[in-house]
Amino acid sequence: MESTGPPLYSAGPSADMARSSEEDSLVDGPLISADALQSAMRREFQAVPTTCPAGFLSLIHVLYVVLSLCVGIMCVLKFGREEVCLRILGSVQGDSAIVLGKVFLWALMLLLTVWMQHQHSRVRSRGYLRFYRQTRRLKQMPLVIHSTGNVLVLLLSALRLPQMMHTSVLLGVLGVEFLVAWPCLLYYTVKVMQFNNERAVPDVSQEEQSHSYTVTSLPTETGFRGSSSLEEVVEKQADLIEYLKKHNTLLSKRLLNLTAQH
């Protein structure tokens, strides 16, 4: 019986030559233009859409404090028209109305904080690591302050103080809470507005542009400027590595799409 081995193995070089010719045709084919590649890699600036909700919640906080003062003075301490309180509140006591309003305000603050965290995570994924770090604790401060105020209100309700003292302490807690939380929320709104108006490029791109013009002899962190402690350097580098991984994945997908189009 004759062997059929040589014809099978003789087909190997021809297949390799065909594969090599296909690869050469891909290499010699039309290349992607630099302008098309740069336009695909260029990112359009996306503003952080948290200024309007934060400003609206600041306005609600002001209205709540003003209304709480009016209810506490006129309806609880009875320094005003009691018939107006009865017509507006009905059978609900003034202290209960203030507490219910505070719970509603805290729920709004919780929803805003969760939404701001989501938006800032997207900002971090786009490479704005410095802005993310600057506002990471600032955006959480109002919720922490309101939660602390809720704890104090619960403790005040458990103490069962006289009516006048109870209302006075309750209004004092609301006033201190407003004086601490409202400036934080206002400052956060200003920071986000400044960031949106600057329309800056991501931090890594800023660092690359600065190195293209000036070369300093001082050691710097990749993607960051200034001196920092070891923990801050490690945290910054971790944020930068996470961003670069996502950025490389996105660029690979865009490059594959452009190759398929051409």
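Please read all numbers here as calculations on a predicted model, not as lab measurements. (Residues numbered from 1 in each chain as written. Predicted model: local features only at pLDDT ≥ 70, side-chain atom pairs only at ≥ 80, totals over all residues. Heavy atoms only, no water.)

**Q** Please set out the side chain of T113 residue by residue, giving values where relevant.
**A** With respect to the element layout, T113 can be found in helix α5 (residues 94-125). A relative accessible area of 9% means that T113 is categorised as buried. Setting aside chain neighbours within four positions, we find T113 in contact with K139 and L143. (Helix = DSSP H or I, 4+ residues; strand = E, 2+ residues; numbered from the N terminus. Buried < 20%, exposed > 50% of the residue type's maximum accessible area, 1.4 Å probe, protein only. Contact = heavy atoms within 4.5 Å.)

**Q** Give me the lowdown on the packing of helix α3 (residues 51-76) against α5, citing residues and values where you can.
**A** Packing of α3 against α5 leaves a shortest axis separation of 10 Å and a crossing angle of 170°. Put simply, α3 runs roughly antiparallel to α5. Where α3 approaches α5, its residues P53, A54, L57, I60, H61, Y64, S68, V71, G72 and V76 are matched on the opposing element by G94, D95, I98, G101, K102, L105, L108, M109, L112 and W115. Partitioned by chemical class, the residues of the contact of α3 with α5 number 13 nonpolar, 5 polar and 2 charged. (Axes fitted to C-alpha atoms, helices over the stretch in contact; angles between N-to-C directions. Parallel < 35°, antiparallel > 145°, perpendicular 65-115°, else oblique. Nonpolar A, V, L, I, M, F, W, Y, C, P; charged D, E, K, R; others polar.)

**Q** Quick rundown of the layout of surface pockets? Include the residues and the values.
**A** The rolling of a water-molecule-sized probe over the atoms marks out the regions of remaining empty space. The calculated volume of the second largest pocket comes to roughly 330 Å³. At the level of secondary structure, the elements contributing two or more residues to the lining of the second largest pocket comprise α3, α4 (82-89) and α5. Broken down by element, the residue count for the lining of the second largest pocket peaks at 9 residues, all from α3. Taken together, the residues that form the lining of the second largest pocket break down as 17 nonpolar, 2 polar and no charged. (1 Å grid on protein atoms, 1.4 Å probe; cavity = no way out; pocket = protein on both sides within 12 Å on 5 of 7 lines; lining within 4 Å. Points joined across faces, edges and corners; volume = space filled by probe spheres on them.)

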